[in-house]
Amino acid sequence: MVETLQKGKGKLLVSNSLDAKDELEEKFERCMSMVTSLINGLSEREANDALTAFVCKGPLQHEETCLGLLTIILLDPSQAQKCYRDLALVSRDGMNIILMKINHILMEKYLKLQDTARSQLVWLVRELVKSAVLGADGVCMTLMKQIAGGDVTQKNIWLAESVLDILIDQRDWVLKSGLLIAMAVYTYLRLIVDHHGTPQLLALRQKEVEFCNTLLREKFMDCFMIGRDLVRLLQNVARIPEFELLWKDLLHNPPALSPQFTGILQLLQSRTSRKFLACRLTPDMETKLLFMTSRVRFGQQKRYQDWFQKQYLSTPDSQSLRCDLIRYICGVVHPSNEVLSSDILPRWAIIGWLLTTCTSNVAASNAKLALFYDWLFFSPEKDSIMNIEPAILVMHHSMKPHPAITATLLDFMCRIIPHFCPALESHVRQGVVNSLTFIVEKRVLAHLSPLFDNPKLDKELRAMLRDKFPEFCSSPSPPVEVKVEEAVSLEMENSIIDKEDNCYDSTEAAFSDDEEELNNKGKKREFRFHPIKETIIEEPADITPYLDQLDESLKDKVLLLQKASDMEAQCQMMQDIVDQILEDDFDSDQLSTVASCLQELFKAHFHGEVLPEEITEESLEESVGKPLYLIFRNLCQMQEDNSGFSLLLDLLSELYQKQPKIGYHLLYYLKASKAAAGKMSLYESFAQSTQLGDLHTCLMMDMKACQEDDVRLLCYLTPSIYTEFPDETLRSGELLNMIVAVIDSSQLQELVCQVMMGNLTMFRKDSVLNILIQSLDWETFEQYCTWQLFLAHSIPLETIIPILQHLKYKEHPEALSCLLLQLRREKPTEEMVKMVLSRPCHPDDHFTTSILRYWCMKHDDQLSEHIKSLLIKNNSLPRKRQSLRSSSSKLAQLTLEQILEHLDNLRLNLTNTKQNFFGQTPILQALQHVQASCDEAHKMRFSDLFALAEDYEDCSKPSKNRRKGAASSPRSRKNAAQPINTEEESGSSSASEEEDTKPKATKRKRKGSSAVGSDSD
């Protein structure tokens, strides 16, 4: 094997003689050589010992060994099984390094992988799933992302079938992850449309249909998290018999799918998370689209579009991919206001081009539905303006150059209202009206009458628009004025019209890594709609207004800083400025002016990503070498009682007012720089010196700014922020919500690993319940992330069990499902059982019955004792229920009626099983006790339940004398039954359980009946 690899026959990546050696491949081969040199010529046991000894030397050796074994697995199938066993043996981090590298390969190198390496990678994922390695679900989702839509080539079909086989074979493992279930259903529902024609594709299609149909039937509420796009995908496959039946249940019998599902409207009103929309584009497609929407100038896009069309849209099967691309652009690509106000290629131009490439009526209709889909049930409170903006702008900008496109889109918008779902026509119309109203409110377009009542449209269409939307067809009076930066000259207007005439098929350009040409700074042209938010168009740095306010020495230094061409010279001049500020005779009144100059000169520092693409010690040190960061470095080198320390803090405070991003740049420097090791507390001094003056407020504002600019940096900072400022981060869910709102599945997995390795604590016992309650109002994916992060901590479930009192089965399915799955792993305690039984009884809420049934099967002894204790303690509650509810401040009061209702539901659920839970002595004794003292209404209502206790009483009387003494009255029967459990009850009850007047009465009962118990003994 070693000889074969040394000859170069087993290369990892496809390359030619002109390609430079790939760094990742070099690293993998180096690690493989090291491993083979360690184990060459040794027996299997000796090899294991050698690898184990080497791994124990340190983290570097551990990483090299894992990567070496990974490389052999990818290159040599004959050695794969043995190397995987060795890998499982020597891995010290739960395979975390392997999962990270597999994700890296899938996201960046998959298309270059040799065929052998590609098939071995899928084999390795299968083994990781078989071993139930933590984080394998994230790798599976990344692998599914590589299955391209609209592609029926042999390699893509092989990948689709291989991943499907893994999911089918390891079904029990799949069912443990709600997110994986939803992602798999979304992926394969979409792929079913592509797989038709040949016997191989039809066989695969049938497997996909059965897989999706089964998961939708059995795990519908997990699939519910997909949101409204689940309905869109189901519409495309509705004529397949299995899905035809599913559609009938979806429309006419929702409880058949889930008791928590109220109907299709509930699903359509739920927005689809970006994670699902992004999962149907391969990483390469996603990279190219993001490149076009962030780097390509409007008017220079033709060659980029031609390349993309040739690569992905040139075959008949690729017609279906256009919907994925349009949904991704509308729902995921949300440019910043800076990009919106620049001359970067706008989203509407790409969508207009995609619409013109549709060559079939079905594809065109589906593409238009994808464009308008978020309009149909739009709610300003839940949905984003960015999701509906592209459609209105395509129509607006196409009116002059391509009126046919505008006409067909307006026609579609009108006709979709009655035809999308006739039963929900009023809801659809309201959604479209909401969209149009919000568009005008947010000034995307000043008003709609020029669009709806345009002479270029035919009379029938204009009449239909007036009929459907009369409120938008009259010209506003007085006219609404649109704010623009400045008047546009006639010459520029002509230029803009020329560009719009060719907005879908314009001049030359090319994919290139040459950033200089793409980033040429020129005069920005405001030739599109005004940005949704107020924005500042960046101009070349101009510090002239501030120079006269500086003294001569400082003025000269600032001018030299402006003229410095390279980073080293800028750093030197920046240090000179800092040194002058620290001099004793410096006038502190100039700090504001200096801050204005620095903010203007270094505004480029605050654009683009801060965190290096590959995080190493060298790249981190290089990234913190910016001139502005010299202020941070000087602060770190000073003592807090130094007078210069407060001066520099004042300078930063002035900078912070002018450029709020300086806050998270400081946090990044304190974490990334070696010079700032252990100095994170410096941020607290900075926060107190700002006008905010409060650490918590300052920290939250800075992390919010970081979240909006750079999600990778947010994840990078998270462990340090939580560790260094626990009182600010752990007491509320504000920061947690920022994080889970933007992370993807791989970032979630990394945070979970950080928690489990002890590097990150995001919850603590005293505040976790409050945070989880706050999370109930978050989006579905955000809630699932929150619960995943909570479960990674070792916090006892009893700490958060009171959250059950806040959970409603219709409003909080995410929390209920997560809590239910966690409760099934726990042995029931009395507090748990009490909280579970405190839930209101409702025929559609099966939470309590399901967990009680599971505990019956696994922990019947403990459960019966706890239920007995709670029944006896609450025996007198029905008589006092009204007074208790009016005087108590608790969210939920456990009453006897509730317990009996839940027990009766459990009895019915267990009727056809062999489980004899209600035959246990503690349950029967407790039912006897309750029956003897409850009123006739309860005896009638729960007669079947009490009948079990009557049977027990009849068969448990040892003698006639005892029967005669006990049979005089129901109360005497109750008192005779009680002594049997007195000691058990007192031993299992808690002193904190009862806070009202019942304990004294209970004690008297026990004392009085203990003598009877002694006589009977």
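All figures in this text were calculated on a predicted structure; none of them were measured in a lab.

Definitions and limits used
- Residues numbered from 1 in each chain as written.
- Predicted model: local features only at pLDDT ≥ 70, side-chain atom pairs only at ≥ 80, totals over all residues.
- Heavy atoms only, no water.
- Helix = DSSP H or I, 4+ residues; strand = E, 2+ residues; numbered from the N terminus.
- Buried < 20%, exposed > 50% of the residue type's maximum accessible area, 1.4 Å probe, protein only.
- Contact = heavy atoms within 4.5 Å.
- Areas by Shrake-Rupley, 256 points an atom, 1.4 Å probe, with all protein chains shown as cover.
- Patch = residues over 30% accessible without salt bridge, like charges linked within 9 Å, V, L, I, M, F, W, Y side chains within 5 Å.
- Salt bridge = Lys/Arg side-chain N within 4 Å of Asp/Glu carboxyl O.
- Lys, Arg positive; Asp, Glu negative; His and termini not counted.
- Charge placed at Lys NZ, Arg CZ, Asp CG, Glu CD.
- Polar contact = N/O pair within 3.5 Å; in protein donor to acceptor, adjacent residues only side chain to side chain.
- pLDDT = per-residue confidence, 0-100.
- Axes fitted to C-alpha atoms, helices over the stretch in contact; angles between N-to-C directions.
- Left-handed = near helix turned anticlockwise from the far one by under 90°.
- Expected span 1.5 Å × (residues − 1).
- Parallel < 35°, antiparallel > 145°, perpendicular 65-115°, else oblique.
- Nonpolar A, V, L, I, M, F, W, Y, C, P; charged D, E, K, R; others polar.
- Disulfide = S-S within 2.5 Å.
- Phe/Tyr/Trp six-rings, centres within 6.5 Å; stacked < 30°, edge-to-face > 60°.

Trainee: Talk me through the overall build of the chain; I want residue IDs and the actual numbers.
Mentor: Check the secondary structure of the chain and you find 59 helices and zero strands. The 1017 residues of the chain split such that 54% are buried. Considering only residue pairs separated by 6 or more positions, the chain has 75% of its internal contacts joining residues 24 or more positions apart. Carbon and sulfur atoms make up 49% of the accessible area of the chain, which totals about 46200 Å².

Trainee: Report on a negative patch on the surface, specifying residues and quantitative values.
Mentor: Negative charge collects at one region of the surface, where Asp551, Glu552, Asp556, Asp579, Glu583, Asp584, Asp585, Asp587 and Asp589 lie side by side. By secondary structure assignment, the location of Glu552 is in helix α32 (residues 552-563).

Trainee: Describe unusual backbone geometry, listing the residues and the values that go with them.
Mentor: Notably, Met95 is not glycine yet its phi reads approximately 70°, a positive angle. Turning to its location among the elements, Met95 is positioned in the loop between α5 (77-90) and α6 (96-108). Taking the relative accessible area as the measure of exposure, Met95 reaches 5% and is therefore buried. Positive phi, close to 55°, is recorded for Ala132, a residue that is not glycine. The topology assignment puts Ala132 in the loop between α7 (115-130) and α8 (136-145). Residue Ala132 is classed as partly exposed on the basis of its relative accessible area, which comes to 45%.

Trainee: Break down the pattern of salt bridges for me, with residues and values.
Mentor: If you walk through the whole model with that rule in mind, you get 40 salt bridges. The shortest N-O distance in the salt bridge between Arg297 and Asp343 comes to 4.0 Å. Placement of Arg297 in the loop between α18 (283-295) and α19 (302-312) and of Asp343 in the loop between α21 (337-340) and α22 (347-356) is noted, with a sequence separation of 46 residues between them. Given the relative accessible area of 21%, Arg297 is considered partly exposed. What you see here is one network of salt bridges that share partners, running through Arg228, Asp229, Arg232, Arg327, Asp374 and Asp383.

Trainee: Tell me about the side chain of Ser435, residues and numbers included.
Mentor: Along the chain, Ser435 falls in helix α26 (residues 425-441). By relative accessible area, Ser435 is classed as buried at 0%. Reaching out from Ser435, the side chain makes a polar contact with the backbone oxygen of Gly431 at a distance of 2.9 Å.

Trainee: Go over the environment of Ala815 with me, naming the residues and quoting the values.
Mentor: Tracing the chain through its elements places Ala815 in helix α47 (residues 813-823). A C-alpha to C-alpha distance of 7.2 Å links Ala815 and Gln783, two positions 32 residues apart in sequence.

Trainee: Outline the confidence of the model for the chain, listing residues and values.
Mentor: Within the chain, residue pLDDT values average 81, and 84% of them lie at 70 or more. Below pLDDT 50 for its whole length, residues 505-538 participates in 82 contacts with residues either more than four positions away or in separate chains. Predicted confidence is poor over residues 954-1017, with pLDDT under 50, and the contacts of this stretch with residues over four places away or in other chains come to 51 contacts.

Trainee: Tell me about the packing of helix α37 (residues 643-658) against helix α39 (residues 682-689), and please be specific about residues and values.
Mentor: α39 packs onto α37 with a crossing angle of 65° between their chain directions and a minimal axis gap of 9 Å. Remark: the crossing between α37 and α39 carries right-handed chirality. Contacts between α37 and α39 pair Phe645, Leu649, Leu652, Ser653 and Tyr656 from the former with Leu682, Ser685, Phe686 and Ser689 from the latter.

Trainee: Residues and numbers for helix α53 (residues 921-933), please.
Mentor: Over its 13 residues, α53 runs 19 Å from end to end, which matches the ideal 18 Å to within 8%, given 1.5 Å per residue. The element α53 is extensively covered by neighbouring structure, given that 12 of its 13 residues are classed as buried. Taken residue by residue, α53 has Pro922, Ile923, Leu924, Gln925, Ala926, Leu927, Gln928, His929, Val930, Gln931, Ala932 and Ser933 as its buried positions.

Trainee: I'd like a description of the side chain of Thr593, backed by residues and values.
Mentor: Its place among the elements puts Thr593 in helix α34 (residues 591-601). Under the relative-accessibility criterion, Thr593 is labelled buried at 7%. When neighbours within four sequence positions are excluded, Thr593 is seen to be in contact with Tyr546, Gln549 and Leu550.

Trainee: How would you summarise the packing of helix α33 (residues 567-581) against helix α36 (residues 629-637) if you had to cite specific residues and measurements?
Mentor: Direction vectors running N to C along α33 and α36 enclose 50°, while the axes themselves pass 9 Å from each other. The orientation of α33 relative to α36 falls into the category oblique. The handedness of the crossing between α33 and α36 comes out as right-handed. Counting all contacts with α33, which are made through Cys571, Met574, Gln575 and Val578, the residues of α36 involved are Leu630, Ile631, Arg633 and Asn634. Its residues placed into classes, the contact of α33 with α36 shows five nonpolar, two polar and one charged.

Trainee: Break down the environment of Ile105 for me, with residues and values.
Mentor: On the secondary structure map, Ile105 appears in helix α6. Distance in space between the C-alpha atoms of Ile105 and Leu24 is 9.0 Å, their sequence separation being 81 residues. Setting aside residues up to four positions removed in sequence, Ile105 forms contacts with Leu24, Phe28, Leu74, Tyr110, Leu113 and Leu121.

Trainee: Tell me about the environment of Met413, residues and numbers included.
Mentor: By the element assignment, Met413 lies in helix α25 (residues 403-419). The buried category is assigned to Met413, whose relative accessible area is 1%.

Trainee: Give a description of a positive patch on the surface that names residues and reports values.
Mentor: A cluster of basic side chains, namely Lys176, Arg824, Arg825 and Lys858, defines a positive patch on the protein surface. Along the chain, the position of Lys176 falls in the loop between α10 (171-174) and α11 (178-192).

Trainee: Go over the state of the cysteines with me, naming the residues and quoting the values.
Mentor: Tallied over the entire structure, the rule returns zero disulfides. For the unlinked cysteine Cys358, the closest cysteine sulfur is that of Cys323, found at 7.4 Å.

Trainee: Which residues make up α8, and what values do they have?
Mentor: Residues separated by three or four positions in an α-helix point in the same direction, a consequence of the helix having 3.6 residues per turn. The buried fraction of α8 is high, at nine of 10 residues. For α8, the set of buried residues is Ala136, Gly138, Val139, Cys140, Met141, Thr142, Leu143, Met144 and Lys145.

Trainee: Can you break down the packing of aromatic side chains residue by residue, with the values?
Mentor: Taken as a whole, this structure holds 26 aromatic pairs when the rule is applied. Centre to centre, the rings of Phe378 and Phe438 are 5.6 Å apart; their planes meet at 45°, and the pair counts as tilted. One end of the pair, Phe378, is in the loop between α23 (361-372) and α24 (385-398); the other, Phe438, is in helix α26, and 60 residues separate them in sequence. In this structure, Phe378 and Phe438 share a single accessibility class: buried. Aromatic side chains Trp787 and Phe790 sit 5.8 Å apart centroid to centroid with 85° between the ring planes, which places their arrangement in the edge-to-face category. Here the residue Trp787 and the residue Phe790 both occupy positions in helix α46 (residues 780-792), the gap between them amounting to three residues, near one helical turn. Phe790 gets classed as buried once you look at its relative accessible area, which sits at 2%. An aromatic cluster is defined as three or more aromatic residues linked by ring pairs; in this entry it consists of Trp307, Phe308, Tyr312 and Trp353.

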